[in-house]
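# Residue-level structural notes
Chain residues, written in single-letter form:
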Amino acid sequence: MAKVFIDGEAGTTGLQIRERLATLPQIEVLSIAPEKRKDIEAKKALFNEADLVVLCLHDSHAIESVALATELAPARAQKGFKPLKIVDASTAHRIAPGWVYGFPEISAEQTAAVKNADFVANPGCYPTGGIALLRPLIDAGLLPANYPVVMQGFSGYSGGGRQMIEAYEIAKNAPPLEVYGLGLQHKHVPELQKYSGLTRRPIFIPTVGNFHSGMIDHIALQFDLMRGVSKTAQLEEALRARYAGSEWVSVVPANEGGKIEPTALNNTNAMELSVYGNDDLGQAVLVARFDNLGKGASGAAVQNMRLMLGV
């Protein structure tokens, strides 16, 4: 039985990961007493006992926990233990050298890399949809890597953590809809650019709405700025080819009404991709729908853990 310690299990992502792991009898979840969460010796003991640690912490604390794991590595090796595996759900290591990006569906090579990795950085919620939509089109040569991408994302308020959840559910002083990050320096942009394959920095516009969870990313495209694209079907075919046989990512036809809401996949690890287009106008909109707490956070983390542990 594999042993997993959730460092930061009291937060939104940590609690969701614990709930999902409870359905896997092959995994034992190690817990720390609430009063010892800041006790370094107690944490060391759990790090030494675990096969894998998932970090559900702010970036600075995640970096400290990785340093602790590195410090304990020699003694662990002397005892004949396998290296401690880490899944970091923070932003700290998503583009860092030596870390594998935990989005297995990017390619077959990425799946193998996650399986064999000791250090995996869990993707951010918003970039997950954008990368899923853009990477296959760039790899297929349909979308130039220097395309001026503008992506807008809509998230449930749970993506903002405890303070935002309390603002909506307890204080009830949060706005019904809020566009933010208009300084264009959002922390998710570097990973969106790197793992989609873009050479031009994309513009990303995040939005939070008055619903608990669920997410939609959408990206508008002009055919005349692409390569050999004249039909919406070409874009859908490229996505279907990439995700054929995927357990979690599926390509679904655009609905006739041209409407989509964000909560349909809540409490799952699924993601649906669609292409809405008008061939006469030479325009299309790529859409990704998923749960910001599922495929966008805890679901993805558990998916990565299962690959890393062979569960």
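Residues numbered from 1 in each chain as written. Predicted model: local features only at pLDDT ≥ 70, side-chain atom pairs only at ≥ 80, totals over all residues. Heavy atoms only, no water.

### Let's talk about the overall build of the protein
Scanning the protein from N- to C-terminus turns up 9 helices and 13 strands. Over its C-alpha atoms the protein spans a radius of gyration of 20 Å, differing by no more than 12% from the 19 Å that the globule rule assigns to 311 residues. Here the protein holds 311 residues, and the buried ones make up 49% of them. Split by element, the accessible area of the protein, about 14,300 Å² in all, is 53% carbon and sulfur. (Helix = DSSP H or I, 4+ residues; strand = E, 2+ residues; numbered from the N terminus. Rg over C-alpha atoms; globule rule 2.2 N^0.38 Å. Buried < 20%, exposed > 50% of the residue type's maximum accessible area, 1.4 Å probe, protein only. Areas by Shrake-Rupley, 256 points an atom, 1.4 Å probe, with all protein chains shown as cover.)

### Details of the sheet that holds strand 7 (residues 150-156)
Spatially, 7 strands are ordered 8-9-7-10-13-12-11 in an open sheet, and the strand pairing comes out mixed. Pairing within the sheet leaves two strands with one partner each, and these edge strands are strand 8 (177-179) and strand 11 (249-251). Adjacent strand axes in the sheet meet at a mean angle of 20°, parallel and antiparallel pairs treated alike. Note: strand 7 against strand 10 (residues 215-222), 5 bridges, orientation antiparallel. Residue pairing in the sheet places Gly-153 in a bridge with Asp-217 of strand 10. (Pairing = 2+ DSSP bridges. Axes fitted to C-alpha atoms, helices over the stretch in contact; angles between N-to-C directions.)

### Some remarks on the packing of aromatic side chains
A full pass over the atoms with the stated rule returns 5 aromatic pairs. When the centroid spacing of 4.5 Å and the interplanar angle of 10° are considered together, the rings of Tyr-157 and Tyr-168 count as stacked. Separated by 11 residues along the polypeptide, Tyr-157 in the loop between strand 7 and helix 6 (161-169) and Tyr-168 in helix 6 bring together distant segments of the chain. Look at Tyr-168 and you get buried, because its relative accessible area is 9%. (Phe/Tyr/Trp six-rings, centres within 6.5 Å; stacked < 30°, edge-to-face > 60°.)

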